[in-house]
Amino acid sequence: MAKDKHIADLPSIGESFFWRKEFSRRQFLIGSGAVFSWAMLQKMSFAGGKAEETTATAAKKGVNKVPSVCEMCVWRCGIIATVEDGMVKKLEGNPENINSRGKLCPRGNAGIKLLYDPDRLKFPMIRVGERGSGKFRRVSWKEALDFTAEQMQRIKEQYGPEAMIMSSTHNLTQPYFENLLKAYGTPNYGTQRSLCFNAMTIAFLFTYGVAQPVVDYENCKYIIYAGRNLAEAISNSETQRMMDFAARGGKIVMLDPRFTITASKAAEWLPIRPGTDLAFFLAMGHVIIKEKLYNQEFIQQHTVGFEEFAKAVEPYSPEWAAQRCDIPAETIRRIAREFAAAAPAAVVHPNWRTSNFVNSFQTERTVAILNALVGNWAAPGGLQPVPEEGSALGSLPQPPYPTVTAPRLDGVPWKHPLVPLKYGVIQDIRDALLTGEPYQGKGWLVYRQNPLMSIPERRKTLTALKNLDFLAVIDVIPNDTAYYADVILPESTYLERWDPLSVAGNRVFLRRPAVEPLYDTKSGLMILKELGERLGLGDYFPYQDERDVIKAQLAPVGISFEELLEKGWAELQEEHHDPYYLQTASNKIEISSSTLANSGENPVPAWQEPPAPPVGKFYLLSGKVAQHTQFSTQNNLWLSLLTPDNPVWINAEAAKQLGIKDGQPVIVESPVGKVINKAYVTEGIRPDCVFMAAGFGHLSKALKTTYGKGASNSSLHETHTDPVTGCQALSETFVTVRPYLGGESA
């Protein structure tokens, strides 16, 4: 095979090596021989470089256009890959896919540099040095999978299946990862949702029976966002629609302590005090009800609990709110009136994490109710229900799962009774590993996640991982968690593999290889199947290859695999649902939630005072930049050239008082850690806040491009968890900032 020559430049099977920055560079240079050079890499153009022409597929001549699905984030845009002489030269947005609408974001365009990243995982490996030493041995797939299965079986026999944790992030192969989890018999499932949008999805589930309704931007006139920096989000098509909305004169009101790019597109930016969005929205409800601006007919027909909410918001006048959120009472009153006047073509956006406080669930509940008050549900320009994705697709037959009796380490449901089992509370899993309560976890299989970077209090997470008997990682890049793993199972990139189908609207799209795998990697579907078979769970993976999974999905749709392959996408029959028959206990919009009442929680929103920083400290705000996806793209060369690090935003007046100048190194310190970073002095943030983008300050020395750049806000974040939703309150961490004068380490 052509790829054998390429792989031959890498360590031989059985050879040990230090997976360090120095090694990677040496190996890269030696391994590339006449093909690669570091200098050539630095000179590569955005259109692709000669270095890439050494790939295994270079022998395949001609130009092909390959439709597929992006995976540079979880939005799953349709892409068309231009493959020239066996190399991917260009990625474009597929106009047939509503997630991309013919355009890609910076991350999507840079997918080529994931495929050709010299640092990517190229072969299975087993750790032979101390955890974190970077010393591994290249092994065969057989040895890697045998070793993984033996360790998982040992843990199961000695401690029970519950001693094994499995975690993954939203991806097309996730149902088969869950298959392994359930068939193995562990209840301990970790996702990233508790670090992200649990508060929003659970609030809307309890109110509308829908986790994440969407906005009818094309007919909308008025939108209020709270902390939702959509212009830099991983929501390509929604970002495009928001920009079109703003361009045609739709009014955007932006609540955010920071002047984000989205705020720059707004008609009105309100630099609200962190954690007080709830006060703002409760006061809007107060005005709408007191002035009878609500849609009485809609409320009578489609909601329950209006009177309870009306009574609850009586004390929350705009004057009351103004004292808490630093927004004038008249502004709050005016916006409430404008919002009601524009209804039903007006939306308070569901947002994502709002202000990231423990009270965010109450905030999201109030947001959901405000939309119901003005009757915008399923109306032109309002919130729209979203049917469950993929319900029309088929699946392969399999045996029932074994019964699980052990409690979960994350306290769902015994500590967090309202958190869906599929969401979980991953930071509580970490804490259970440290305390050994309710029992001691022994092993962790991590699939396309980086808990070491994502969970607050990185020191704690590092200790928890080092204490494990066994840590296995399936991924594409050598992220921080992989660097500390016992075994690494390398997955092919999305441009090299088949995946289960992607649904976008009423169409299905095919993710398929644009090129053959460049290295000794496999698809997630095949890794899970081969691991499952070694664990005696082969009946749960009844496919020979990935195509069998796709064909089973297509079976009830009436489309052949060959037809789908030819076109790249296929139409599904539209399913019609009554948008007013909701999956709540009352089948109506629950302004007063029966689920919350039955659980002993307040059934209507109430004010929760957020903590505030003491004198001399700042709120630590977190968020994204448009050039990176959470913790996974910082090593991408093109994206790193655009955004190499994450300087600390600090207000100009606050910086002056502290003697900090723009670009100067500073020490940012919280009760759980400190980092050294550089300052970005700006008027675009409140004086009581600082901001750091997530995803920088990696520990893995195998990530040559990004290692040593920026700082990790996970090192600073304290762990504050909302007991109702399990959501992490990232902004409840307060920090000091001071000039770095040298001689002090982070």
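Owing to the predicted nature of the structure, the values given are computational and were not obtained by experimental measurement. (Residues numbered from 1 in each chain as written. Predicted model: local features only at pLDDT ≥ 70, side-chain atom pairs only at ≥ 80, totals over all residues. Heavy atoms only, no water.)

1. Examining the packing of helix α11 (residues 277-290) against helix α15 (residues 329-342)
Point 1. Contact geometry for α11 and α15: axes closest at 9 Å, N-to-C directions at 60°. Our classification of the angle between α11 and α15 gives oblique. The chirality of how α11 crosses α15 is right-handed. Touching F280, A283, M284, V287 and I288 of α11 are I332, R333, I335, A336, R337 and F339, all from α15.
Point 2. Residues of the contact of α11 with α15, tallied by class, amount to nine nonpolar, no polar and two charged. (Axes fitted to C-alpha atoms, helices over the stretch in contact; angles between N-to-C directions. Helix = DSSP H or I, 4+ residues; strand = E, 2+ residues; numbered from the N terminus. Parallel < 35°, antiparallel > 145°, perpendicular 65-115°, else oblique. Left-handed = near helix turned anticlockwise from the far one by under 90°. Contact = heavy atoms within 4.5 Å. Nonpolar A, V, L, I, M, F, W, Y, C, P; charged D, E, K, R; others polar.)

2. Topic: the sheet that holds strand β20 (residues 507-509)
Point 1. Spatially, three strands are ordered β19-β20-β21 in an open sheet, and the strand pairing comes out antiparallel. Taken across any chain shown, the strands that pair with only one partner, and hence form the sheet edges, are β19 (502-504) and β21 (569-571). Looking at each pair of strands side by side, their axes are set apart by 25° on average, direction ignored.
Point 2. Pairing of β20 with β21, which is carried by three bridges, proceeds in the antiparallel orientation. When the sheet's bridge partners are listed, V508 is paired in β21 with A570. (Pairing = 2+ DSSP bridges.)

3. A word on the sheet that holds strand β14 (residues 346-348)
Neighbouring strands of a sheet are bound in pairs by backbone hydrogen bonds; such pairs are parallel or else antiparallel.
Point 1. With respect to topology, four strands assemble into an open sheet ordered β12-β11-β10-β14, the strand pairing being parallel. Of all the strands in the sheet, just β12 (268-270) and β14 have a single pairing partner and so form its edges. Sheet twist, expressed as the mean angle between neighbouring strand axes with direction ignored, is 10°.
Point 2. Sitting on the sheet, helix α9 (residues 236-247) touches β10 (222-226) and β11 (251-255), and the angle it makes with β11 is about 120°.
Point 3. In the packing of α15 onto the sheet, the strands contacted are β10, β11, β12 and β14, and the crossing angle to β10 comes to about 135°.

4. A short note on the nonpolar core
Point 1. Ranked by size, the top nonpolar core spans 74 residues in total, and within it I224, L255, F280, F281, M284, F339 and L373 carry the most contacts.
Point 2. Among the elements that take part in this core, α11 stands out by supplying ten residues, more than any other.
Point 3. Contact partners of M284, with chain neighbours within four places excluded, come to I224, I332, I335, A336, F339 and L370.
Point 4. Of all hydrophobic cores here, the second largest spans 58 residues; its members include C77, I429, L465 and V476. (Core = buried A, V, L, I, M, F, W, Y, C linked by side-chain atoms within 4.5 Å. Buried < 20%, exposed > 50% of the residue type's maximum accessible area, 1.4 Å probe, protein only.)

5. Side note on the pairing of strand β26 (residues 673-682)
Point 1. Strand direction decides the pairing type here: strand β24 (residues 648-651) and β26, joined by four bridges, are parallel. When the bridges of β26 are listed, I650 appears paired with V681.
Point 2. As defined by bridge partners, strand β25 (residues 665-670) adjoins β26 across six bridges and the pair is classed as antiparallel. Bridge pairing links S670 to G673 in β26.
Point 3. Once β25 ends, the chain turns through two residues before running back antiparallel as β26.

6. Description of the side chain of T481
Point 1. Position of T481 among the secondary structure elements: in helix α20 (residues 480-483).
Point 2. By relative accessible area, T481 is classed as buried at 0%.
Point 3. Only 2.7 Å separates the side chain of T481 from the side chain of N450, close enough to count as a polar contact.
Point 4. Not counting the four nearest positions on each side in its chain, T481 is found in contact with V446, N450, P451, L452, L465, L471 and V473. (Polar contact = N/O pair within 3.5 Å; in protein donor to acceptor, adjacent residues only side chain to side chain.)

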